[in-house]
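One-letter residues, chain by chain:
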Amino acid sequence: VQLQASGGGLVQTGGSLRLSCVAFGRTGSGYTVGWFRQAPGKEREFVAVIFRSGGSITYSDSVKGRFTISRDRAKKSVDLQMNSLKPEDTAIYYCAASESVIYSARATPDAYGYWGQGTQVTVSS
């Protein structure tokens, strides 16, 4: 499966953006999809995940209450709605997919086998 992330851009503090991750190819019975981000000089950081089975969702503490992850199975996409953006949200955002990631490993980048190309989000102060 191939992933394509889009929707990034430049926004002011307090603004909103909606990222989309679309899957191409054989998606079978579906994937667990996570969003990660990486700021310059920092490690890749978990943002949110939606599991393929049951649709369980979790968020990092830094985005909880501001970001919402959702799935559209018909479009084979997973979106990340980002509200109340802050300058510290500035990063390249990546979507990732896995057929087999377990709950305890949901925030571990190495647990995901498929990655999109990333989309830049910049929040100005």
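For the structure, check the block above.
Parameters and conventions
- Residues numbered from 1 in each chain as written.
- Predicted model: local features only at pLDDT ≥ 70, side-chain atom pairs only at ≥ 80, totals over all residues.
- Heavy atoms only, no water.
- Phe/Tyr/Trp six-rings, centres within 6.5 Å; stacked < 30°, edge-to-face > 60°.
- Helix = DSSP H or I, 4+ residues; strand = E, 2+ residues; numbered from the N terminus.
- Buried < 20%, exposed > 50% of the residue type's maximum accessible area, 1.4 Å probe, protein only.
- Core = buried A, V, L, I, M, F, W, Y, C linked by side-chain atoms within 4.5 Å.
- Contact = heavy atoms within 4.5 Å.
- Salt bridge = Lys/Arg side-chain N within 4 Å of Asp/Glu carboxyl O.
- 1 Å grid on protein atoms, 1.4 Å probe; cavity = no way out; pocket = protein on both sides within 12 Å on 5 of 7 lines; lining within 4 Å.
- Points joined across faces, edges and corners; volume = space filled by probe spheres on them.

Visitor: Give a description of the packing of aromatic side chains that names residues and reports values.
Guide: Across all of its chains, the model carries seven aromatic pairs by this definition. Measuring from centroid to centroid gives 5.8 Å for F36 and F46, while their planes differ by 75°, and the two rings are edge-to-face. Taken together, the positions of F36 in strand β4 (residues 32–38) and F46 in strand β5 (residues 45–50) put the pair 10 residues apart, joining distant regions of the chain. For the pair formed by F36 and F46, the shared burial category is buried. Arranged with centres 5.3 Å apart and planes meeting at 80°, the rings of F36 and Y112 form a pair that is edge-to-face.

Visitor: Describe the nonpolar core, naming the residues involved and giving the relevant values.
Guide: Of all hydrophobic cores here, the largest spans 27 residues; its most connected members are W35, V47, F67, L80, M82 and Y93. Broken down by secondary-structure element, the contributors of at least two residues to this core are β1 (2–6), β3 (17–24), β4, β5, β7 (67–72), β8 (77–82), β9 (91–98) and β11 (119–124). Not counting residues within four places of it along the chain, the set of residues in contact with L80 comprises L17, R18, L19, W35, V47, A48, F67, T68, I69 and Y93. Counting residues in hydrophobic clusters, the runner-up holds eight residues, among them F51, V101, A105 and Y112.

Visitor: Requested: an account of the pattern of salt bridges, with residues and values cited.
Guide: Summed over the entire model, instances satisfying the criterion amount to five salt bridges. Measuring nitrogen to oxygen at the nearest pair gives 2.8 Å for the salt bridge that ties E45 to R37. Among the ionic pairs, D61 bridges to K64, the shortest N-O distance being 3.2 Å. Neither D61 nor K64 differs from the other in exposure class; each is exposed. A network of salt bridges, in which partner residues are shared, links R37, E45, R66 and D89.

Visitor: I'd like to hear about the layout of surface pockets, residue by residue, with values.
Guide: Taken as a whole, the largest pocket encloses approximately 210 Å³ of empty space. The wall of the largest pocket is formed by 17 residues, among which A23, T27, Y31, R71 and K76 lie closest to the centre. Counting only elements with at least two residues in the lining of the largest pocket, the list comes to β3, β7 and β8. When residues of the lining of the largest pocket are assigned to their parent elements, the largest contribution, three residues, is made by β3.

Visitor: Can you explain unusual backbone geometry? Please cite residues and give values.
Guide: The phi angle at K76 is positive, at roughly 55°, despite the residue not being glycine. Following the sequence through the fold, K76 ends up in the loop between β7 and β8. Classification of K76 as partly exposed rests on a relative accessible area of 40%. Its identity as a non-glycine residue notwithstanding, S84 has a phi of 50°, on the positive side. Structurally, S84 is set in the loop between β8 and β9.

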